[in-house]
Amino acid sequence: METKQINLKIDHIPVAVPEGTTVLEAARSAGIKIPTLCYLKDLNEIGACRICVVEVKGARSLMASCVYPVSEGMEVFTNTEAVRKSRRLTLELILSNHRMECLTCSRSGSCELQQLALEFGVDTVRYYTGRPQPQPETSTLHLVRDNSKCVLCRRCAAACRKTQEVGVIGPNDRGFQTHIGSAFDRDLNEVDCVSCGQCVVACPTGALTVKDDTQQVWAALADPTKHVVVGAAPSVRVQLGECFGMPVGTNVEGKMLTALRRLGFDKVFDVNHAADMTIMEEGTEFLHRLQEGGTLPLITSCSPGWVRYCEQHHPDMLSHVSTCKSPQQMFGSLVKSYYAEQAGIDPKDIFVVSIMPCTAKKYEVKREEQRMANGCMPVDVSLTTQELARMITAAGLMFTQLPDGEVDPMLGMASGAGVIFGATGGVMEAALRTVVEVVTNGEMKPLEFKQVRGMQGVKEASFELPGKTVRVCVASGLANAKQVLDGVKSGALQYDFIEFMGCPGGCVNGGGQPVQSAEIRSFTDVRGLRAAALYSQDQRMTYRKSHENPYVQKIYSDYLEKPGSHKAHALLHCTYAPQKKYRV
Amino acid sequence: MPNCKTVVPYTGTKEQEEALQEIIAAHKGQSGATMPVLQAAQELFGYLPEEVQIMVAEGLDIPLSEVYGVASFYAQFTLNPKGKYQISLCLGTACYVKGAADVLTAIEKKLGISTGSITPDGTFSLDACRCIGACGLAPVMMINEDVYGCLTPDQIGAILDKYN
């Protein structure tokens, strides 16, 4: 059915837009940007903050354009004296309640509230509430929640409830007492927070920020007794450039490798390689379960946010979750065993740093079941893309001018299959590239499984193995994962292999990614552009299947014997256990 | 926070819990079920402790934070049971201008609790109310059925000691 076109005038400019469009979006089509604060397209459209108000001819009061639908013949004015005055007053009232320590706030420069104050020329605040300011909450490993900088826009709550269906934070109390918090105002480490960091991604101010662990890394780099090793996750290389003003979707792998080396890391490996190792182990596990009648569907375990969600909300499904450690943990485990042995270094003297697009990885590195037989934790510190950018800046490295560098190949050389791990569907496609060839003993054509690509929340596909049709499903975002799990549990959905990633779009949209404003996030396909950069790197690779990676083959021939061997299990696998949702 | 988590141990019975489960089952799947279920739960238990809110969240398959958000938003819900002695101090206009705020501070200090909560032994609960129609006696408070008027903060200790 054709959508009806609505004709209206915005600031005297005639505009025709489909019925149901909001005034805010209609204005954009006329080249007019209406300022917003609480608005995040498709996620938080609640008209709460009143920054986006406009005058509508004939209306009694100013209207919130983000939720006001267009109608035939409507006349809208976005820049009148009344509008400017109202927006400014609203902003002053929000600021009256804001702990303005902008000089020392990690969101300074990327804060949407600060940007609005600049745009509106608010240089003094006439009001002051005088209320005692809440103290920052630092109970979790991955984020800091500082309600003294909260503007009550509810973007975080929407991300937690709608995108993730975890819903550990929301508005508590009412009126002047309203604040964002967990049930019974418990600390986040006492509730079923999965550490995904989507609330941090959604926050316009410094109320939710990634916990900074860079000092630990600087200290290790300065310690002559430590052999400091680093590896970055697939998606980091297509995010990092944004921190230095490069366009979304720029692949800066070469510059990133140079930067890591110049920061002083003794070895610059790559978690892409560990992703290839994950495919070898997980692919073998899948084939074993398929051929020996094991528990199916097999569900991937790369995403620690998803794993924690499963432990808390769907403990009955844990037997489906792959026993493979995540690529980050495989990376650390191999550094502190295989590499340590080859290089003749005591694993206890090695300090492993991972660079991740992810906040849940900070939690994963501390999980006790990850501990190795030699007593070491595989990874010592997990930094987010944001934190790496901070280190690069602090070191005075002019990132955009850095030459391209090379990886240390032993645990660094990867195939294209490892590269695409960073996007939703990437793990599945990488696994299929190997599984199909191992089973059919022939070369797979075509190599690409495009059915599992793209930014849709749930994708499914099937492919033929000799004597068996294998049904696969890919979902990202925990709300989508829940929907699939419910279907699997009820029997309505039947799959053999499922890939879940905790964040919508996968790691390219992780909680530790560079900050992008609502303006960018609402009207640019940020995750799609980043994912496209990964797929294009895959196309340029010499090896595109994990099992063809010579540095993967070498580890198996020199050290682990074969995928799924006893030694591989001891080093690269673990099991997960149910966790309590509530602390009562 | 005025209506904070209770310090009194949960004493819900099996019968109460079963009755709650029936109410939840009757509302499950309906949009806007949280309000009526919480109202019924408060009717059953007298207040909404964390244990009860968890039953509601699990039963309706919604996040606990959503249940708590509703329970803490509306004045009709209380997270604390009523004490053996229920103190109601009037904060209406007349009482307020005659110094009720200082009296309230004195009570909070004496009992070590804030408005809307209960002493850990369950003896006293403290609420602020609006006009009880005795403005001539302002500031005024009630402890169960007893009325105390023309209060000053220094009288509070002696009055409360009578109930211990």
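In this text the structure is predicted, and so the values were computed from the model without any measurement.

S.K.: Sorry if this is basic, but what is going on with the overall build of chain B here?
M.R.: Summing up its helical and strand segments, chain B has seven helices and four strands in all. Secondary structure elements of chain B, listed N to C terminal, follow the sequence α-α-α-α-β-α-α-β-β-β-α. Over its C-alpha atoms, taken along the principal directions, chain B stretches across nearly 50 × 30 × 25 Å. Counting the 164 residues in chain B, one finds 46% classified as buried. Partitioning the intrachain contacts of chain B with sequence separation of at least 6 by distance along the chain shows that 65% fall at a separation of at least 24. Taking the average place of the 10 positive charges on the side chains of chain B and the average place of its 18 negative ones, the gap between the two points comes to 8 Å.

S.K.: Mind showing me how you'd approach the interface of chain A and chain B here?
M.R.: The extent of an interface is frequently quoted as the accessible surface area lost upon association of the parts. Across the boundary between the two partners, chain A contributes 21 residues, which contact 22 residues of chain B. Of all residues in chain A, A:D173, A:F184 and A:Y582 bury the most surface against chain B, accounting for 41% of the area lost on that side. In this assembly, chain A and chain B are joined by three salt bridges. With a closest N to O distance of 3.4 Å, B:D61 and A:K482 form a salt bridge.

S.K.: Would you mind showing me how to read a nonpolar patch on the surface here?
M.R.: All names here are of chain A. Together, L89, L93 and Y127 make up a nonpolar patch on the protein surface, roughly 250 Å² of accessible area in all. Tracing the chain through its elements places Y127 in the loop between α3 (112-120) and β6 (143-145). Its relative accessible area of 33% is what places Y127 among the partly exposed residues.

S.K.: How do you make sense of helix α9 (residues 304-313) of chain A when you look at a structure like this?
M.R.: Residues lying three or four places apart along an α-helix face the same way, a consequence of the helix completing one turn every 3.6 residues. Residues and elements named next belong to chain A. Most of α9 sits out of view: ten of its ten residues are buried. Regarding α9, the residues found buried are P304, G305, W306, V307, R308, Y309, C310, E311, Q312 and H313. Those residues of α9 that are buried lie in contact with β12 (298-299), α11 (360-364), α15 (478-490) and β17 (497-501).

S.K.: Before we go on, may I ask you to explain empty space enclosed by the protein in this structure?
M.R.: To find leftover empty space, one rolls a probe the size of a water molecule over the atoms. Residues and elements named next belong to chain A. A complete count under the given rule lists five cavities of 30 Å³ or more for this structure. For the largest cavity, the calculated volume is near 300 Å³. Along the wall of the largest cavity there are 26 residues; nearest its centre are C302, S303, P304, K361 and C507. Counting only elements with at least two residues in the lining of the largest cavity, the list comes to α8 (271-292), α9, α10 (327-343) and α11. Here the lining of the largest cavity is built from residues that sort into 17 nonpolar, eight polar and one charged.

S.K.: What am I meant to see in the sheet that holds strand β15 (residues 458-465) of chain A here?
M.R.: Strand pairs in the sheet, formed through backbone hydrogen bonds, run parallel or antiparallel to each other. Residues and elements named next belong to chain A. Here we have four strands laid out as an open sheet, ordered β12-β17-β16-β15, and mixed in their pairing. The open sheet has two edge strands with one neighbour each: β12 and β15. In terms of strand pairing, strand β16 (residues 468-476) meets β17 through five bridges, oriented parallel. When the bridges of β17 are listed, V472 appears paired with F497. Contacting β12, β15, β16 and β17, α15 crosses the sheet at an angle of about 145 degrees to β16.

S.K.: Looking at this structure, how should I read the layout of surface pockets?
M.R.: Residue and element names in this part refer to chain A. Quantified by volume, the largest pocket comes out at close to 980 Å³. Along its surface, the largest pocket is lined by 31 residues, and N97, R131, L152, T178 and H179 are the ones closest to its centre. Sorting the residues of the lining of the largest pocket by element identifies α2 (81-95) and β8 (179-181) as the ones contributing at least two each. Classifying every residue of the lining of the largest pocket gives 13 nonpolar, eleven polar and seven charged. Counting residues domain by domain, the lining of the largest pocket receives three or more from each of domain 1 (5-94) and domain 2 (128-210).

S.K.: Just checking my understanding: could you explain the domain arrangement of chain B for this structure?
M.R.: Each assigned domain of chain B is listed here: domain 1 (14-73) and domain 2 (85-161). Domain 1 of chain B and domain 2 of chain B are separated by 31 Å when their C-alpha centres are compared.

S.K.: Help me understand the packing of aromatic side chains in this model?
M.R.: One pair of aromatic rings is described through two measures. These are the centre distance and the angle between the planes. As enumerated under the stated definition, the model contains 15 aromatic pairs over all chains in all. A ring pair is formed by A:F184 and B:Y68, whose centres lie 4.6 Å apart and whose planes are at 45 degrees; its orientation type is tilted. Residue A:F184 is found in the loop between β8 and α5 (198-202), and its partner B:Y68 is found in helix α4 (residues 64-73); the two belong to separate chains. With centroids separated by 4.6 Å and ring planes inclined at 15 degrees, the aromatic side chains of A:F286 and A:F497 adopt a geometry described as stacked. Placement of the pair is A:F286 in helix α8 and A:F497 in strand β17, with a sequence separation of 211 residues. With a relative accessible area of 0%, A:F286 lands in the buried category. A residue is classified by how much of its surface remains accessible, and A:F497, at 0% relative accessible area, is buried. Members of the aromatic cluster, each reached through a chain of ring pairs, are A:W306, A:Y309 and A:F500.

S.K.: Is there a simple way to explain the domain arrangement of chain A in this structure?
M.R.: All names here are of chain A. Each assigned domain of chain A is listed with its residue range as follows: domain 1 (5-94), domain 2 (128-210) and domain 3 (214-572). For domain 1 versus domain 3, the distance between C-alpha centres works out to 42 Å. Each side of the interface is counted separately: domain 1 has six residues, and domain 3 has five residues. Among the residues domain 1 hides against domain 3, the three largest losses belong to R28, L40 and K41. Together they make up 67% of the total. Counting across the interface, domain 1 meets domain 3 through one salt bridge. Note that E519 is salt-bridged to R28, the shortest N-O span being 3.0 Å.

S.K.: Can you walk me through the sheet that holds strand β13 (residues 350-356) of chain A in this structure?
M.R.: All names here are of chain A. Spatially, β11-β10-β13-β14 is the arrangement adopted by the four strands of the open sheet, whose pairing is parallel. Among the strands making up the open sheet, the edge pair consists of β11 (267-270) and β14 (381-384). Here the strands of the sheet are splayed against their neighbours by 25 degrees on average, with no regard to which way each runs. With six bridges connecting them, strand β10 (residues 227-232) and β13 associate as parallel partners. Across the sheet, the residue bridging to A232 is I355, located in β13. Contacts from helix α7 (residues 253-263) reach β10, β11 and β13, with the element oriented near 145 degrees to β11. Sheet contacts for α10: β10, β11, β13 and β14; angle to β13, the most-contacted strand, approximately 155 degrees.

Rules used throughout
Residues numbered from 1 in each chain as written. Chains lettered and ligands numbered in written order. Predicted model: local features only at pLDDT ≥ 70, side-chain atom pairs only at ≥ 80, totals over all residues. Heavy atoms only, no water. Helix = DSSP H or I, 4+ residues; strand = E, 2+ residues; numbered from the N terminus. Buried < 20%, exposed > 50% of the residue type's maximum accessible area, 1.4 Å probe, protein only. Contact = heavy atoms within 4.5 Å. Lys, Arg positive; Asp, Glu negative; His and termini not counted. Charge placed at Lys NZ, Arg CZ, Asp CG, Glu CD. Buried area = accessible area lost by both parts, 1.4 Å probe. Salt bridge = Lys/Arg side-chain N within 4 Å of Asp/Glu carboxyl O. Patch = residues over 30% accessible without salt bridge, like charges linked within 9 Å, V, L, I, M, F, W, Y side chains within 5 Å. Areas by Shrake-Rupley, 256 points an atom, 1.4 Å probe, with all protein chains shown as cover. 1 Å grid on protein atoms, 1.4 Å probe; cavity = no way out; pocket = protein on both sides within 12 Å on 5 of 7 lines; lining within 4 Å. Points joined across faces, edges and corners; volume = space filled by probe spheres on them. Nonpolar A, V, L, I, M, F, W, Y, C, P; charged D, E, K, R; others polar. Pairing = 2+ DSSP bridges. Axes fitted to C-alpha atoms, helices over the stretch in contact; angles between N-to-C directions. Domains from an automatic or database assignment. Phe/Tyr/Trp six-rings, centres within 6.5 Å; stacked < 30°, edge-to-face > 60°.

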